[in-house]
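Each chain, letter by letter, is given below.
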Amino acid sequence: MVDDIYRLKSSIALVYDDNILDVFLSNLREQFKIRVEYEEILDLLFSFDGEKTVNDVLKVYRNIDGDDLFDLISFLIKKNVLIKVDCEYPESFLSEQYRLVNFFEDYCSSTSDVIASLKLISTSNVMIVGLGAVGTWISESLIRSGLKNITLVDDDTVEFSNLHRQGMFFEEDIDKFKVDVLSENLCSVFPDVKINKIKDKLTSEFFSKYNDTYDLIINCADKPSVDETTRIIAKFCMKNKIPHIVGGGYNLHLTLIGQTVIPNRTACVMCFEKHLQKINDADLNGVKKLTRKNRRIGSFSPLSTIAASLATIDALKIVSGKYDRISNCNARIEFNVRERDIDKHLVEKNDDCEWCGNNGLYK
Ligand SMILES: [Zn+2]
């Protein structure tokens, strides 16, 4: 460890008073305190500047015990306070993506880990099915976050009613195919992005035609229904062990944050379906049926962007390999825009599930 180089992360703030070191992790909105009986602790920690080795630091602070310092460094790495500088960031990372680098430093213990994570994002192939309000925002956010290979699926054209919710469509795009318009507009901002366009409906035969290697598939298609499109995608993904996300949606004043599924590690779509079916059956017991079949559900841009943003965050964690940081596994989340409440309904992976259970079809 003496030859290693560490850096105090730039988002960390420190206060030292009465032998208590108060550590604020601004990015993560976390704080912890530790007892440290060493008056020069702040100067010592700020000397981890990404250039000095541990040995250099020990030469300056001769009155500290080496083993105590090694223990402190190990502890602060685990707590996301220090990062090991085992290689330099490429210049392009710092000039173009320094905020993203800063964000990923919270998920990584070394600079080489940050570089590897961002490279994984840029080389992954993500399929987005359905370019409605949620799908377009997810596509744009992923590309702005460094994704360079994306497959866009939609057989629909831009309508006037899309413009109030979807950022990449303009009035002159009306009647053009959504995949063409979105591809063109995304490439005008990021010309090095490779976009594979599929103008086709999501039917049960879809993946026999488009069975490329995908690192993640996100379902944002709701025709004929979200349940139906999700099942088609989930079957293909479970069979091929591909992580998938149900992209979310909105219903009255609720935004539904769709679940993230890592095949055979988290609750699958069938685990959710069976679990929610039981709840719905119980809730609807004795309830009169609605007389209006085709209700027009309201929605506007803020609702779709909430669902899209939360799905994108999990998508980035998946394609960068940070599975332990995923937020939307084993849970169905509803965000009530009017009340500002978040309701998280937990759904456990079911060992008896007909898809992912011990004797399941996709085990
Ligand atoms: Zn299951």
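Residues numbered from 1 in each chain as written. Predicted model: local features only at pLDDT ≥ 70, side-chain atom pairs only at ≥ 80, totals over all residues. Heavy atoms only, no water.

- An unreviewed UniProt entry lists the protein under the name ThiF family adenylyltransferase, with Shewanella insulae given as the organism.

A few points about the sheet that holds strand β5 (residues 49-53)
Thought 1: Across the sheet, which stays open at both edges, the three strands sit in the order β5-β1-β6 with antiparallel pairing between neighbours. Strands at the two margins of the open sheet, each flanked by one partner only, are β5 and β6 (82-84). Pairs of neighbouring strands in the sheet enclose a mean axial angle of 35°, with direction left out of account.
Thought 2: Relative to β6, strand β1 (residues 5-8) runs antiparallel, the two sharing three bridges. For Arg7, the partnering residue across the bridge sits in β6 and is Ile83. (Pairing = 2+ DSSP bridges. Helix = DSSP H or I, 4+ residues; strand = E, 2+ residues; numbered from the N terminus. Axes fitted to C-alpha atoms, helices over the stretch in contact; angles between N-to-C directions.)

Remarks on the coordination of the zinc ion
Thought 1: The coordination sphere of the zinc ion, as far as protein atoms go, consists of Cys268 (SG), Cys271 (SG), Cys353 (SG) and Cys356 (SG), spread over 2.2 to 2.4 Å.
Thought 2: Coordination at the zinc ion is tetrahedral: its four donor atoms span angles of 99 to 121° at the metal.
Thought 3: Mapping the donors of the zinc ion onto the primary sequence yields the spacing C-x2-C-x81-C-x2-C. Here Cys356 lies in the segment after β16 (341-346) and Cys271 lies in helix α11 (residues 269-284), a separation of 85 residues in the sequence. The same class applies to Cys271 and to Cys356, which are both buried. (Donors = N, O, S within 2.8 Å, 3.2 Å for Na, K, Ca; no water. Tetrahedral: all angles 85-135°; square planar, octahedral: opposite > 155°, others 65-115°. Buried < 20%, exposed > 50% of the residue type's maximum accessible area, 1.4 Å probe, protein only.)

A short note on the nonpolar core
Thought 1: Ranked by internal contacts, the top residues of the largest apolar core, which has 45 residues, are Ile128, Ile138, Leu142 and Ile218.
Thought 2: For this core, the secondary-structure elements that each account for two or more residues are α5 (98-105), α6 (111-123), β7 (125-129), α7 (133-144), β8 (149-153), α8 (178-189), β10 (216-219) and α12 (301-319).
Thought 3: Top contributing element to this core by residue count: α12, with seven residues.
Thought 4: When neighbours within four sequence positions are excluded, Ile138 is seen to be in contact with Ile128, Ile218, Cys220, Ala308, Ala311 and Thr312.
Thought 5: Membership of the second largest hydrophobic core comes to 27 residues, among which are Tyr38, Ile41, Tyr61 and Ile64. (Core = buried A, V, L, I, M, F, W, Y, C linked by side-chain atoms within 4.5 Å. Contact = heavy atoms within 4.5 Å.)

Concerning the sheet that holds strand β3 (residues 20-25)
Thought 1: Read across the open sheet, the three strands follow the order β2-β3-β4; overall the sheet is antiparallel. Either end of the sheet is taken by a strand with one partner, and the two such strands are β2 (12-17) and β4 (30-35). If you compare each strand with its neighbour and ignore which way they point, the axes differ by 15° on average.
Thought 2: When β2 meets β3, the two strands line up antiparallel, connected through six bridges. Each bridged residue has a counterpart across the sheet, and for Leu14 the counterpart in β3 is Val23.

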